[in-house]
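Structural features, examined
Each chain, letter by letter, is given below.
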2 protein chains.
Amino acid sequence: MTAPVQRGTIERAAVVGCGVIGAAWASRLLLNGVDVAVSDPSPDAEQILTEVLANAITAYDELGFPTDQQGSYVMAGSIAEAVADAQFVQESVPERPDLKASVHAQIEAAVGPEVIIASSTSGIRPSEMQKGMTHPERLVVGHPYNPVYLLPVVEVVGGEHTTPDVIDQAKAIYSSIGMKAIHVRVEIDAFVGDRLLEAVWREALWLVNDGVATTQEIDDIMTHGFGLRWAQMGLFETYRVAGGAGGFRHFIEQFGPTLEWPWTKLMDTPDFTPELVDKLVAQSDAQSGMHTVRELERTRDRNLVGILRVLEANEWGAGTTIAAHRAAPS
Amino acid sequence: MTAPVQRGTIERAAVVGCGVIGAAWASRLLLNGVDVAVSDPSPDAEQILTEVLANAITAYDELGFPTDQQGSYVMAGSIAEAVADAQFVQESVPERPDLKASVHAQIEAAVGPEVIIASSTSGIRPSEMQKGMTHPERLVVGHPYNPVYLLPVVEVVGGEHTTPDVIDQAKAIYSSIGMKAIHVRVEIDAFVGDRLLEAVWREALWLVNDGVATTQEIDDIMTHGFGLRWAQMGLFETYRVAGGAGGFRHFIEQFGPTLEWPWTKLMDTPDFTPELVDKLVAQSDAQSGMHTVRELERTRDRNLVGILRVLEANEWGAGTTIAAHRAAPS
């Protein structure tokens, strides 16, 4: 079911919305030889792009990917100008349905009906965004994980009007820039990854709120425990191993019943009271305030590059996606 | 607050219950020079121990830790025999409160009141286990993550009778065998890590149950996305970076409101109907059935060793715990 890995599927793309996510999309596209026209009304957009691109170039150098055949970018004066010549549009504007609708209308007014519009939204259903579109069949969600230039996964989700051909094309385009595109076949709020993330986030907020653990302690438990697991085997494969030779059925027999225990508090959402926000901010400052965000980004990228190289050498997990892209014909 | 890193805090330990977790505890102790007496009524216990220990020796070799100064182990004929000479007891029997109570009573009958009894339980509160104990003050939870010989985290949780000195001693012992011991100061069901894991597990079950994604797809989204993040930065530090220069307060302002969206289904527990179990088993077989559990364990360990070495070289996260242990005086 994996789309064939092939470079050069597209030569020109538009990135609409150039915050951290949009800039990282642009960086991935550029470093895979795609020319990118960028649209963003913010005066900071180009600076964000150049900073993120610099991080991405460093990371690709360390990963051993060529960085001397970059596409070129242009900051366009409008959405219409950015998308006019694009073969593919990646939209990453803020998560407001009204704003998305307005931006998609401006994009549609300036491109042919065959051009795919992919939204980076992490929460808005594609069918919702398709309402009012002239050619809703070419809209998909292409939901990435930051840093987009390094983390290979993208969730591809169609709405009720999206055609299967558009899903296939979007997957092929993402594959051509080194990503593992996973088609989420049922349209649900928050798709797959962010549902899992939200579950952890809610529970972690309760733990901080109730004074059970600090942000530092929770992060330490993750980075010294199950985070290391999940970099290389997911939830289900890890539990299969825990089940031993009896496989997954044995695991469920052994551990399934504990699900009945009323452990988590996820039934409701903690209120962001001023007290909780202050607590989170103070704990986060104590944990990470000695580093700038740029320093943390560089540390993160250096760690991710090292981990990806280990996984590539071991021919496992995300390393297989990196290896396939390294070997891909152009 | 970190206990001083020092090898050789204990010379003799007892491991009561030698399934996968107990065997991995024994392996970590042995490879840190501690003699271990093992008690388990199963005829398979010694085989499990030797298999897990072989994996651990391979991993420590690859990690560059000495494996030629191992402690020695003995399979004891009874709990009393196993614990008679122990300075520390780690209990890892199945998660049944009645069984834990019986085992703890047998341990108490055979050791002095100063010997710490640490339970590997992932779900039973220490105060619950302290009921009926003769010296409840020396019981703590020491909850590890498998593979215990590689993943450095252990959650230390006291019950209402546990003395602060016992918490400190337990932390020092765990630290002396290369672990990062995190004291969970408020006693709650499932402590910290398993609350987060349970939240993900429930939501993932819903996703499979509702046909949104397969076990393979969910695992791919994890191992190609946020799993890579969490191997090196936890939830809170990752989100701090996402908030940019505005820090954690900005992140909450930007993303906190989406918590109000009714995304997750975690309010209730999916029933393990025969249909759901069959689906999980079939998908897991399709995903991982081409590998034996032993092969998966070796792959996992090779990946973890590689990741830990990257983090140690980068002086970050779990790598700092490995580095501190490598440099620890004995």
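Residue numbers here run from 1 along each chain, matching the order of that chain's written sequence. Chain A is the first chain written and ligand 1 is the first ligand written, with later ones labelled in order. Where local features are concerned, this predicted model is filtered to residues with pLDDT of at least 70; where side-chain atom pairs are given and counted, the filter is 80 or more; whole-chain, interface and lining totals use all residues.

1. A look at the overall build of chain A
Helix numbers and strand numbers start at the N terminus; a helix is a DSSP run of H or I with at least 4 residues, a strand a run of E with at least 2. Looking only at helices and strands, one finds 14 helices and eight strands in chain A. In this setup the radius of gyration rests on C-alpha atoms only. A globule is expected at 2.2 Å times the number of residues raised to 0.38. At 21 Å, chain A has a C-alpha radius of gyration in line with the 20 Å of a compact globule built from 330 residues. On the principal axes, the C-alpha backbone points of chain A span a range of 55 × 45 × 45 Å. Here a residue counts as buried when 20 or more other C-beta atoms sit within 10 Å of its C-beta, as exposed when there are 12 or fewer, and as partly exposed otherwise, the C-beta atoms being derived from the backbone. Here chain A holds 330 residues, and 55% of them are scored as buried.

2. Structural notes on helix H1 (residues 20-31) of chain B
Residues and elements named next belong to chain B. Helix span, as expected, comes to 1.5 Å for every residue beyond the first. Its twelve residues place the ends of H1 16 Å apart at the C-alpha level, agreeing with the 16 Å of an ideal helix rising 1.5 Å per residue. Taken across its twelve residues, H1 has twelve buried, putting it largely inside the fold. Each residue is represented by a C-beta atom placed from its backbone, and any two residues with such atoms within 7 Å are regarded as in contact. The elements touched by buried residues of H1 are strand S1 (12-16), strand S2 (35-39), helix H2 (45-63), strand S3 (73-75), strand S4 (88-91) and strand S6 (139-144).

3. Re helix H11 (residues 247-255) of chain A
Restricting attention to buried positions, one finds in H11(A) the residues A:Phe248, A:Phe251 and A:Ile252. Down the axis of H11(A), the buried set is contained in an arc of 95 degrees. They therefore lie on one face. On its buried face, H11(A) sits against helix H10 (235-242) of chain A together with helix H11 (274-288) of chain B. The arc refers to the directions leading from the helix axis to the C-beta atoms.

4. Concerning the confidence of the model for chain A
Do not read the fine detail of predicted coordinates wherever pLDDT is low. The predictor attaches a confidence to each residue, and that confidence, scored 0 to 100, is pLDDT. This prediction gives chain A a mean pLDDT of 91; 94% of its residues lie at or above 70. Scored as a complex, the prediction yields pTM 0.93 and ipTM 0.93.

5. Regarding the pairing of S4(B)
All names here are of chain B. Neither face of S4 is open: one carries Phe88 and Gln90, the other Val89 and Glu91, and all of them are buried. Two strands qualify as a pair provided that DSSP identifies no fewer than 2 bridges between them. Sheet topology note: the S4/strand S5 (residues 116-119) ladder contains four bridges and is parallel. Directly across from phenylalanine 88, in S5, lies its bridge partner isoleucine 116. Crossover handedness for the path S4 to helix H4 (residues 97-108) to S5: right-handed. We call a crossover right-handed when, viewed with the strands running away from us, the connection from the first strand over the helix to the second turns clockwise.

6. Considerations on the pairing of strand S8 (residues 180-183) of chain A
Residue and element names in this part refer to chain A. Note that strand S7 (residues 153-158) and S8 share four bridges and pair parallel. The residue bridging glutamate 155 from the neighbouring strand is isoleucine 182, located in S8. At this point the chain moves from S7, through helix H6 (residues 164-176), to the parallel S8, and the crossover so formed is right-handed.

7. As for the packing of helix H12 (residues 274-288) of chain A against helix H9 (residues 235-242) of chain B
The contact between H12(A) and H9(B) brings their axes to 10 Å, and the two run at 95 degrees. Relative to H9(B), the element H12(A) lies roughly perpendicular. Residue-level inspection shows A:Ser284, A:Gln287 and A:Ser288 of H12(A) in contact with H9(B), the latter providing B:Phe236, B:Glu237 and B:Arg240. The convention used is that axes are lines fitted to C-alpha atoms, helices contributing only their stretch in contact, and that angles between N-to-C directions extend from 0 to 180 degrees. Oblique is the label for any angle not under 35 degrees, not over 145, and not in the 65 to 115 range, which are roughly parallel, roughly antiparallel and roughly perpendicular in turn.

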